[in-house]
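Summary of structural features
One letter stands for each residue in the lines below.
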Amino acid sequence: MPQSTTRTASDLVHLGPVIPVVVLERADDAVPLARALLRGGIRTMEITLRTAAALSAVRKVADEVPEMVVGAGTVITPDQVDAAAAAGARFLVSPGATTGLVRAALDSGLPFLPGAGTVSEMLTLAEQGLTTIKFFPAEASGGRAYLSSVAQPLPHLTFCPTGGISAATAADWLALPNVACVGGSWLTPAAAVRSRDGAAVTTLAREAVSLLPTPGRGTPVA
Ligand code: 3PG
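Every chain begins its residue count from 1, and numbering advances along the sequence as written. Since the coordinates come from a predicted model, pLDDT governs what is reported: local features require at least 70, and pairs of side-chain atoms require 80 or more to be given and counted, while whole-chain, interface and lining totals use all residues. Only heavy atoms go into the side-chain values, all of them from the structure, while hydrogens and water stay out.

1. Comments concerning the sheet that holds strand β8 (residues 158-159)
- The sheet built from three strands is open, its strands ordered β6-β7-β8 with parallel pairing. Here the strands that pair on one side only, and so sit at the sheet edges, are β6 (115-116) and β8.
- Any two strands with at least two DSSP bridges between them are considered paired. Under the scheme used here, helices are H or I runs from DSSP no shorter than 4 residues and strands are E runs no shorter than 2 residues, and both carry numbers assigned from the N terminus. Bridge analysis of β6 against strand β7 (residues 132-135) gives two bridges, and the strand direction is parallel. Counted as the bridge partner of Gly-115 is Lys-134 from β7.

2. Concerning the pairing of strand β1 (residues 18-22)
- The element β1 is extensively covered by neighbouring structure, given that five of its five residues are classed as buried.
- Summarising the sheet, β1 and strand β9 (residues 182-184) pair through three bridges and their orientation is parallel. By the bridge assignment, Val-18 is partnered in β9 with Val-182.
- In the sheet, β1 pairs with strand β2 (residues 44-48) via two bridges, with the strands oriented parallel. By the bridge assignment, Val-21 is partnered in β2 with Glu-46. The buried label goes to any residue with under 20% of its type's maximum accessible area, the exposed label to any with over 50%, and the partly exposed label to all in between, with areas taken from a 1.4 Å probe on protein chains only.

3. Looking at the environment of Arg-59
- As for its position among the elements, Arg-59 is in helix α3 (residues 54-64).
- Assessed through its relative accessible area of 40%, Arg-59 is described here as partly exposed.
- Distance from Arg-59 to Ala-87, taken between C-alpha atoms, is 4.8 Å for residues 28 residues apart in sequence.

4. Here we look at helix α10 (residues 198-210)
- A helix is expected to span 1.5 Å multiplied by its residue count minus one. Helix length check: α10 (13 residues) gives 18 Å between terminal C-alpha atoms against 18 Å at 1.5 Å per residue, within 8%.
- Looking at the buried side of α10, the elements it contacts are β1, α2 (30-39) and α9 (190-194). Here a residue-residue contact requires only that any non-hydrogen atoms of the pair lie within 4.5 Å.

5. A few points about the site of the ligand
- We call a residue near a given molecule or strand whenever any one of its heavy atoms falls within 4 Å of it. Every residue close to the ligand is listed here: Val-21, Arg-50, Lys-134, Phe-136, Thr-162, Gly-163, Gly-164, Gly-184 and Ser-185.
- All accessible areas in this document rest on Shrake-Rupley with a 1.4 Å probe, and a residue is counted as covered only by the protein chains that are shown. Isolated, the ligand exposes 320 Å² of accessible area, and the fraction of that covered by the protein chains is 78%.
- Throughout, the ten residues Ala, Val, Leu, Ile, Met, Phe, Trp, Tyr, Cys and Pro are labelled nonpolar, Asp, Glu, Lys and Arg are labelled charged, and all others, Gly among them, are labelled polar. Residue composition of the shell around the ligand, grouped by class: two nonpolar, five polar and two charged.

6. A closer look at the packing of aromatic side chains
- A pair of aromatic rings is counted whenever rings of Phe, Tyr or Trp (Trp by its six-membered ring) have centres within 6.5 Å, and the orientation is called stacked for planes under 30 degrees apart, edge-to-face for over 60 and tilted otherwise. Using the criterion set out here, one finds two aromatic pairs in the structure.
- Aromatic pair Phe-135 and Tyr-146: ring centres 5.7 Å apart, planes at 15 degrees, arrangement stacked. In this pair, Phe-135 is assigned in strand β7 and Tyr-146 in helix α7 (residues 143-151), connecting sequence segments eleven residues apart.
- Since its relative accessible area comes to 25%, Tyr-146 is described here as partly exposed.
- Exposure remark for Phe-135: the relative accessible area of 0% places this residue in the buried category.
- Each member of the aromatic cluster is reached from another via a ring pair, and the members are Phe-135, Tyr-146 and Trp-173.
- Here the basic side chain of Lys-134 rests over the ring of Phe-136, its NZ or CZ set 4.6 Å away from the ring centre. Consider the ring centre and the ring normal. A charge sits over the ring if Lys NZ or Arg CZ is within 6 Å of that centre and within 35 degrees of that normal.

7. Description of the pattern of salt bridges
- We define a salt bridge as a contact between a side-chain nitrogen of Lys or Arg and a carboxyl oxygen of Asp or Glu at a distance within 4 Å. Summed over the entire model, instances satisfying the criterion amount to four salt bridges.
- Bridged by salt links that share partners, the residues Arg-26, Asp-29 and Arg-196 form one connected network.

8. A closer look at the environment of Thr-132
- With respect to the secondary-structure elements, Thr-132 resides in strand β7.
- Distance in space between the C-alpha atoms of Thr-132 and Ser-166 is 21 Å, their sequence separation being 34 residues.
- Apart from the residues within four sequence positions on either side, Thr-132 is in contact with Ala-9, Ser-10, Val-13, Phe-112, Leu-113, Pro-114 and Thr-158.

9. Notes on the pairing of β2
- The element β2 is extensively covered by neighbouring structure, given that five of its five residues are classed as buried.
- Of the two faces of β2, the one holding Thr-44, Glu-46 and Thr-48 and the one holding Met-45 and Ile-47 are both buried throughout.
- Note on handedness: a clockwise path from strand one over the helix to strand two, with the strands aimed away from the viewer, defines a right-handed crossover. Regarding topology, α2 serves as the crossover connection from β1 to the parallel β2, and that connection is right-handed.
- Pairing of β2 with strand β3 (residues 69-73), which is carried by five bridges, proceeds in the parallel orientation. Across the sheet, residue Ile-47 finds its bridge partner in β3, namely Ala-72.

Shown next as structure tokens:
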């Protein structure tokens, strides 16, 4: 599989229909999980900085599975931006945004998917040139009704909704005109990660990809 070039957040959200949101307690689980996702056709992986193992997990995937575009999620401080970049993260995701976090993320030069849950937060990000946004927490912030309502007043913004999305609802989210992909943890259930059940993860990944036959999705980005 060719290595993807992901220069911007817009490149990132067009790499596939779903960005798996991964929580890893053991860094050694990261490489087998990355390979299981790749086998299922998923080429991005957001490892959340919520565990002690997360940065080491990012580093392992970056070093050992170059075909996987691995990023750091739950980035909430400027220090975490630096640590994620040093570990080899190829993109950053945050649940929200502060001035300091945005500055650090932009300085890193990495594609950055900042979180926003309201129109004013979205406009604040857009003012800083950030027009590809994680709508978070998607279901709790008003769901598809909210996000589709902002499509007309904010036509310049593209979203990756995350939070409460499942295999059953992903296709409906992806049908919105301002949604490029969705984020979710359902592809990497804790039990399957713990037991290294790669086959289960590959099946979930394949199902996620096949939900979405939209031409162009999942094709290499030049
Ligand atoms: C995130 O960290 O982005 C979300 O908590 C993932 O949400 P989910 O577990 O509901 O998919």
